[in-house]
Amino acid sequence: MEWNDLLRILLIVCPLVFLGGIVDAVAGGGGLITLPAYLLAGLDPHAASATNKCGNVWGTLLSAFRFWRRGEIRMPSAAWGAAGALAGAWAGAKLNLILPDQFLYYIMLAIVPVMAVFLLLKRDFGTEDRSGQFSPLRLSLLSLAIGLAVGCYDGFFGPGAGTFLMLAYTSLCKFDLLTASGNTKAANAASNAASLVTFALAGEVVWAVGIPAALCGLAGGYVGSGLALRGGAKVIRPMFFVVLTIAFVVFGMWVLLTGRLRHPLGKWSWVLVIAGAIGNLIDRCLYGYVVDMFEVQFMHFAIFNVADIYVVVATIGLFILFLFVYKEKDLEFLNFKQNRYREMK
């Protein structure tokens, strides 16, 4: 590997891994920043997923340690969640090595709108700790199931795993945001470690990039965990929504500008996702909350606004497109595997 190529890659990857480490330590979802950085630098999807784990695991471990030292990790539910994440991440990493690259992009195209709809219906998540309504056994079993499911996703794909863990711990275990964030760090550290070992044994990690990225991830994790512990929910909640909005917009623009979705239904669906995300972000920046104006009287349903309608319609459109319109040959455009930097491993 030539030094010029390595320097160019590190100049792209390291700043974004540092930023992703801060975001991940505060609100989860740092992989939504770091994984695209490796792809942008020229690594193919499998190598990018593997090297991403090397860059993220150490910062996540540091964040978990700082949350544990402050007493913000709920034991033993965190231990069960971490155990489930270990097993799930190992299985997910194995699937990553077997399944073709285009399957990874297929998941990315579908998962972002689904997350948006969930947040539309659960805007008040994590406002208070109501986990006391569950027995210790039930909390442990829920944490184990969360760790298994999200750990498998993290090992297989990765971006947004911390965000999914946060949502699961607040909605299923009824933890407040700070406690959910602490437990998320424990489970995410376990899944990252299991995935990294699996990828390393398979020879997929680009160590020349992963080691410098790990140092940047450590620095980002230290800064981000400090912000989260000092500010609590006042820092975590705004960061959470800002990160998701940026992810929706950036990924949506990538889909549209690179022509990954050629069907008009796909293009207009992602235009609606971008518009809905920006609309809700503007409200949060101006007022600190989202302004809603529609309330359904004949059934129990969340109050919503025009931006929410855009996101729901877009999600339905994408599901129709992938389930009923596209055939296998139509998905070939998702496969743009790059092999330029395989020799760097």
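Residues numbered from 1 in each chain as written. Predicted model: local features only at pLDDT ≥ 70, side-chain atom pairs only at ≥ 80, totals over all residues. Heavy atoms only, no water.

Participant: How should I be thinking about the overall build of the protein in this particular structure?
Facilitator: Helix and strand counts for the protein stand at 12 helices and 0 strands. In sequence order, the protein lays out its α and β elements as α-α-α-α-α-α-α-α-α-α-α-α. Across the 345 residues in the protein, those meeting the buried criterion constitute 54%. Contacts in the protein between residues at least 24 apart in sequence constitute 80% of all its contacts with a sequence separation of at least 6. Surface exposure of the protein reaches about 15,300 Å², of which carbon and sulfur atoms provide 69%. (Helix = DSSP H or I, 4+ residues; strand = E, 2+ residues; numbered from the N terminus. Buried < 20%, exposed > 50% of the residue type's maximum accessible area, 1.4 Å probe, protein only. Contact = heavy atoms within 4.5 Å. Areas by Shrake-Rupley, 256 points an atom, 1.4 Å probe, with all protein chains shown as cover.)

Participant: I'm lost on the nonpolar core in this one. Help?
Facilitator: Nonpolar side chains in soluble globular proteins tend to be buried together. Of all hydrophobic cores here, the largest spans 50 residues; its most connected members are Val 13, Tyr 38, Leu 43, Ile 146, Tyr 169, Val 209 and Ile 236. Here the element with the most residues in this core is helix α1 (residues 3-27); it accounts for 8 residues. If near-sequence neighbours (up to four positions away) are discounted, Ile 146 is found in contact with Gly 151, Leu 165, Ala 168, Tyr 169, Leu 172 and Cys 173. The next biggest cluster of nonpolar side chains, apart from the first, holds 9 residues, and it includes Phe 251, Ala 277, Leu 318 and Phe 322. (Core = buried A, V, L, I, M, F, W, Y, C linked by side-chain atoms within 4.5 Å.)

Participant: I'm lost on the environment of Trp 68 in this one. Help?
Facilitator: Mapping Trp 68 onto the fold places it in helix α3 (residues 45-69). Linking Trp 68 and Lys 185, residues 117 residues apart in sequence, is a C-alpha distance of 9.4 Å.

Participant: Could you clarify how one ought to interpret the environment of Arg 237 in this entry?
Facilitator: Inspection of the secondary structure assignment puts Arg 237 in helix α10 (residues 233-257). Sequence separation between Arg 237 and Ala 27 is 210 residues; the distance between their C-alpha atoms is 7.3 Å.

Participant: Explain the packing of aromatic side chains to me, please; I cannot follow it from the model alone.
Facilitator: The relative placement of two aromatic rings is captured by the distance of their centres and the angle of their planes. With the rule as written, the count across this model stands at 3 aromatic pairs. Ring geometry for Phe 65 versus Trp 68: centroids 6.0 Å apart, planes at 35°, classification tilted. On the criterion of helical spacing, the pair formed by Phe 65 and Trp 68 is a turn pair, its members being 3 residues apart in helix α3. The exposure class assigned to Phe 65 is partly exposed, which follows from its relative accessible area of 40%. (Phe/Tyr/Trp six-rings, centres within 6.5 Å; stacked < 30°, edge-to-face > 60°.)

Participant: Can you help me understand the environment of Val 205 in this one?
Facilitator: Within the secondary structure layout, Val 205 lies in the loop between α8 (177-201) and α9 (207-231). Its relative accessible area of 2% is what places Val 205 among the buried residues. As for Val 205 and His 46, which are separated by 159 residues in sequence, their C-alpha atoms are 8.8 Å apart.

Participant: Where do I start with a nonpolar patch on the surface in this structure?
Facilitator: Together, Ile 278, Ile 282, Leu 286, Tyr 287, Tyr 289, Val 291, Met 293, Phe 294, Val 306, Ile 309, Tyr 310 and Val 313 make up a nonpolar patch on the protein surface, roughly 1,100 Å² of accessible area in all. Those elements that provide at least two residues to the nonpolar patch are α11 (264-287) and α12 (306-325). Inspection of the secondary structure assignment puts Ile 278 in helix α11. With relative accessibility at 36%, the residue Ile 278 sits in the partly exposed group. (Patch = residues over 30% accessible without salt bridge, like charges linked within 9 Å, V, L, I, M, F, W, Y side chains within 5 Å. Salt bridge = Lys/Arg side-chain N within 4 Å of Asp/Glu carboxyl O.)

Participant: Any chance you could explain the pattern of salt bridges here in plain terms?
Facilitator: A side chain with one charge may pair with a side chain of the opposite charge, provided their charged atoms come close. The tally for this structure, following the rule as stated, stands at 2 salt bridges. Of the charged contacts, one joins Asp 154 and Lys 53 as a salt bridge, the two residues approaching to 2.5 Å between their closest N and O atoms. A residue pair is termed long-range when its members are at least 10 positions apart, and Asp 154 in helix α6 (residues 136-156) and Lys 53 in helix α3 qualify at 101 residues. The two residues Asp 154 and Lys 53 agree in class, both being buried. Here Arg 74 and Asp 129 are joined by a salt bridge, their closest N and O atoms 2.5 Å apart. Remark: Asp 129 occurs in the loop between α5 (101-121) and α6 and Arg 74 occurs in the loop between α3 and α4 (77-98); sequence separation between them is 55 residues.

Participant: Any chance you could explain unusual backbone geometry here in plain terms?
Facilitator: For residues besides glycine, phi is generally negative; the peptide bonds are generally trans as well. Following Met 75, the chain continues into Pro 76 via a peptide bond in cis, with omega recorded as 5°. The residue Pro 76 is located in the loop between α3 and α4 in this model. Even without being a glycine, Lys 174 presents a positive backbone phi close to 65°. Locating Lys 174 in the fold gives a position in the loop between α7 (161-171) and α8.

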